[in-house]
Amino acid sequence: MPSKDKGHSSITSSDQELVLSSLEPEQLAGLKKHPVPRRHLRGLEKFVVWSLRIYLLFMMAVVIYEVWTSLH
Amino acid sequence: MGVGPLSRVTPPAVTQEDVVITHEDVDRAHDRVRVSAARAQRGVFSRFRLLWLLFGPGILVMLGENDGPSMLSYAATGARFGSGFFIPFVVLTFCMAIVVQEMTMRLGSATHRGHAELIFDRFGPFWGWFSMIDLGIGNFLTLITEFIAIRAGLGFFGVPPWAAVVTALMFLCLAVITHRYWTWERTLLAIAVFNLVFVPVALLTHPNWYSVGRALITWKPLPGGLSQDTLIIVLADIGATVTPWMLFFQQSATVDKGLTRKDIHLGRIDTVVGAALAATAAVATIVATAPLFSHHMTAENFQAAEFAQALQPLIGRFGAALFALGIVEAGMVASVTISISSAYAFGEVARTPHSLNLPMAEGRAFYSVLFLCATIAGAIVLIPGLPLVYVVLLVNVVAVLAMPPALVFLFMLANDREVVGDLVSPRWANILATSVVVFLTLAGVLFGISVIAPNIFAFLGGK
């Protein structure tokens, strides 16, 4: 018998056949717990990502300054 | 069953013994059966039926982004600059949105994983949390502005603020109450199309079509030239079209709808049609408020729905009411899509069930996040004396500034052969995507310079 838990007890065997015949394996909610393999950022990627992170933090400070001066 | 590039992390052959089937799977399977049946048939009617079945995430994300602060930005643009430079500029921003959103649709169809989930898994929690913080802050601020829009729009009809917020929260509950992605999507699509109400409003102002056509070709005039005011409107209009929540929403909605690699072509059409509809509504709003050019309306006029009031002498009570209703619709639809975008991202990161096909009992965490975000944002709007104008202004600017870091991760994922297989972005798409990142970064840098050195534009020959 296919796996069922308490919350899924109303799912019939025809439902299960329908799911297995019409969805791709990666679409099944139960199989999404498998994580996608990790990759590490390379030199240029790391540089771009860090640069944009610093840019964002700096610009947020600029926005806060702009709001502060506008309010006062 | 088909197998995608991520199959290396899942069992190659799934049997009934391997897997827990959920209600979410069953609902999605029913939707896919209808898609397969339509695809198997020949004829024009079947083609249209297939299109009808697969349309949704692209149109919703684009019309959803025509939200409260966006429509304010377009209204302020028309009132401040008339029909000129900003009409083709807004069309350009929607072209950028197509480039970006196509990548999310492709990623979702190829991997069946949400955007937050992919960033966490592929690049690790360090970068994942940064992305989540950007998204969380951006979504929450935007959600507040949606309630500001609803409050302002309903205020035109004399509805008190508390009643406006309660109405919006009830609408959110009704939108997801069926616990069925398909029903939710069709209901919201029907309401989102009401965004085009700005077209009849524009027609009521009897626009000068020659000026509109000339502006589209020449990108002129730009009254006042380059100034800090112009730059803020430029940033606001970009932020009205491309924002981080759109990336997360369309990818998750694509997954929830169950699109596969076979559907990518129609997913692209869905995205382009959505952008065309949203651009039409945006340009119509600029054209509608262009007659207010001499009235010097700004964002500050938004709080009391004064755009609608100011238009009343020109287009009558009916036209003004349509405008106010358009603002309400913009806020309502976006409050739903943005809340759901936050709930999807939370579910993907926390690895809890996250789908609009989930019954309440199976998706307590998903629905709790959705309603909690909306309720807190709605409550904030009711705080007396809150500088709502600055929140509205902030949201679009913050959205533009947060886009480049978000786009870089999207760019890397869309070019990751281990993730999308042979669906990696072609060279021309990468050139376009890089141009969008550079353009957005430069716009942000210019804004920063204008704040730190406000006189720089006068020095350079502007005002």
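This is a predicted model, so every value here is computed, not measured. (Residues numbered from 1 in each chain as written. Chains lettered and ligands numbered in written order. Predicted model: local features only at pLDDT ≥ 70, side-chain atom pairs only at ≥ 80, totals over all residues.)

Caption draft 1: Representation of the overall build of chain B in the model. Across its full length, chain B holds 20 helices and zero strands. Taking 23 Å as the expected radius of gyration for a compact globule of 463 residues, we find that chain B reaches 22 Å, a close match to that expectation. Overall size of chain B, expressed as C-alpha extent along the three principal axes, is 70 × 50 × 45 Å. Per-residue burial for chain B yields a buried fraction of 58% across its 463 residues. (Helix = DSSP H or I, 4+ residues; strand = E, 2+ residues; numbered from the N terminus. Rg over C-alpha atoms; globule rule 2.2 N^0.38 Å. Buried ≥ 20, exposed ≤ 12 C-beta atoms within 10 Å, placed from the backbone.)

Caption draft 2: Summary view of the overall build of chain A. Along its length, chain A carries two helices and zero strands. Within chain A, the fraction of its 72 residues that count as buried is 26%.

Caption draft 3: How the structure looks around helix H5 (residues 86–111) of chain B. All names here are of chain B. With 26 residues, H5 extends 37 Å between its outermost C-alpha atoms, agreeing within 8% with the 38 Å of an ideal straight helix rising 1.5 Å per residue. Most of H5 sits inside the fold, with 20 of its 26 residues counted as buried. Looking one or two residues past H5, histidine 112 carries a phi angle of roughly 60°, positive in sign. (Expected span 1.5 Å × (residues − 1).)

Caption draft 4: Representation of the interface of chain A and chain B within the structure. Opposite the 45 residues of chain A that make contact, chain B presents 57 residues. Counting only elements with at least two residues in the side of chain A that touches chain B, the list comes to helix H1 (13–22) and helix H2 (43–71) of chain A. No other element matches H2(A), which puts 16 residues into the side of chain A that touches chain B. Taken together, the residues that form the side of chain A that touches chain B break down as 26 nonpolar, nine polar and ten charged. (Contact = placed C-beta atoms within 7 Å. Nonpolar A, V, L, I, M, F, W, Y, C, P; charged D, E, K, R; others polar.)

Caption draft 5: Spatial organisation of the nonpolar core. With 151 residues, the main nonpolar core has B:Val100, B:Phe323, B:Leu407 and B:Leu410 as its most contacted residues. Examining the composition of this core, we find that 22 residues originate from one element, helix H15 (residues 306–350) of chain B, more than from any other. Core analysis: the second largest hydrophobic core is formed by ten residues, A:Val19, A:Leu23, A:Leu28 and B:Val26 among them. (Core = buried A, V, L, I, M, F, W, Y, C linked by C-beta atoms within 7 Å.)

Caption draft 6: Summary view of unusual backbone geometry. Residue and element names in this part refer to chain B. Look at histidine 206: it is not a glycine, yet its phi comes out positive at around 50°. Checked against the element boundaries, histidine 206 lands in the loop between helix H10 (198–204) and helix H11 (209–218). At tryptophan 219, a position not held by glycine, the phi torsion is positive, near 60°. Take tryptophan 219: it is sitting in the loop between H11 and helix H12 (228–239). Judged by the 15 C-beta atoms lying within 10 Å of it, tryptophan 219 is partly exposed.

Caption draft 7: Spatial organisation of the environment of B:Asn415. Residue and element names in this part refer to chain B. Inspection of the secondary structure assignment puts asparagine 415 in the loop between helix H17 (388–414) and helix H18 (417–420). A C-alpha to C-alpha distance of 8.6 Å links asparagine 415 and proline 426, two positions eleven residues apart in sequence. Look past the residues within four positions of asparagine 415 in its chain and what remains in contact with it is Val424, Ser425 and Asn430.

Caption draft 8: Representation of H12(B) in the model. For H12(B), spanning twelve residues, the distance from its first C-alpha to its last is 16 Å, which sits close to the expected 16 Å at 1.5 Å a residue. With ten of its twelve residues buried, H12(B) lies for the most part within the structure.

Caption draft 9: Focus on the packing of helix H3 (residues 57–65) of chain B against H5(B). Residue and element names in this part refer to chain B. Contact geometry for H3 and H5: axes closest at 11 Å, N-to-C directions at 140°. Our classification of the angle between H3 and H5 gives oblique. The element H3 and its partner H5 pack so that their crossing is right-handed. Of H5, the residues touching H3 (which contributes Pro57, Gly58, Val61 and Met62) are Ala97, Gln101 and Met105. Tallied by class, the residues present in the contact of H3 with H5 amount to five nonpolar, two polar and no charged. (Axes fitted to C-alpha atoms, helices over the stretch in contact; angles between N-to-C directions. Parallel < 35°, antiparallel > 145°, perpendicular 65-115°, else oblique. Left-handed = near helix turned anticlockwise from the far one by under 90°.)

Caption draft 10: Representation of the packing of H5(B) against helix H19 (residues 427–452) of chain B within the structure. Residues and elements named next belong to chain B. Across the interface, H5 lies against H19 with an axial gap of 10 Å and an inter-helix angle of 120°. Taken together, the axes of H5 and H19 lie oblique to each other. Along this stretch, H5 crosses H19, giving a crossing that reads as left-handed. Contact residues: Met96, Val99, Val100 and Met103 in H5; Ala429, Leu432, Ala433 and Val436 in H19.

Caption draft 11: Expanded view of the confidence of the model for chain A. A residue-level look at chain A finds 88% of positions with pLDDT of 70 or above and a mean pLDDT of 81. This model gives residues 1–6 of chain A a pLDDT under 50, and the stretch forms nine contacts once residues within four places in sequence are excluded. (pLDDT = per-residue confidence, 0-100.)

Caption draft 12: Representation of the confidence of the model for chain B. Residue and element names in this part refer to chain B. When pLDDT is averaged across chain B, the result is 85; 91% of the residues are at 70 or more. Within the model, the stretch residues 7–12 combines pLDDT values under 50 with twelve contacts to residues more than four positions away or in other chains. Reported confidence for the predicted complex is 0.84 by ipTM and 0.88 by pTM.

Caption draft 13: View of the environment of B:Gly363. Position of B:Gly363 relative to the elements: it lies in the loop between H15 and helix H16 (364–381). A C-alpha to C-alpha distance of 9.3 Å links B:Gly363 and B:Gly347, two positions 16 residues apart in sequence.

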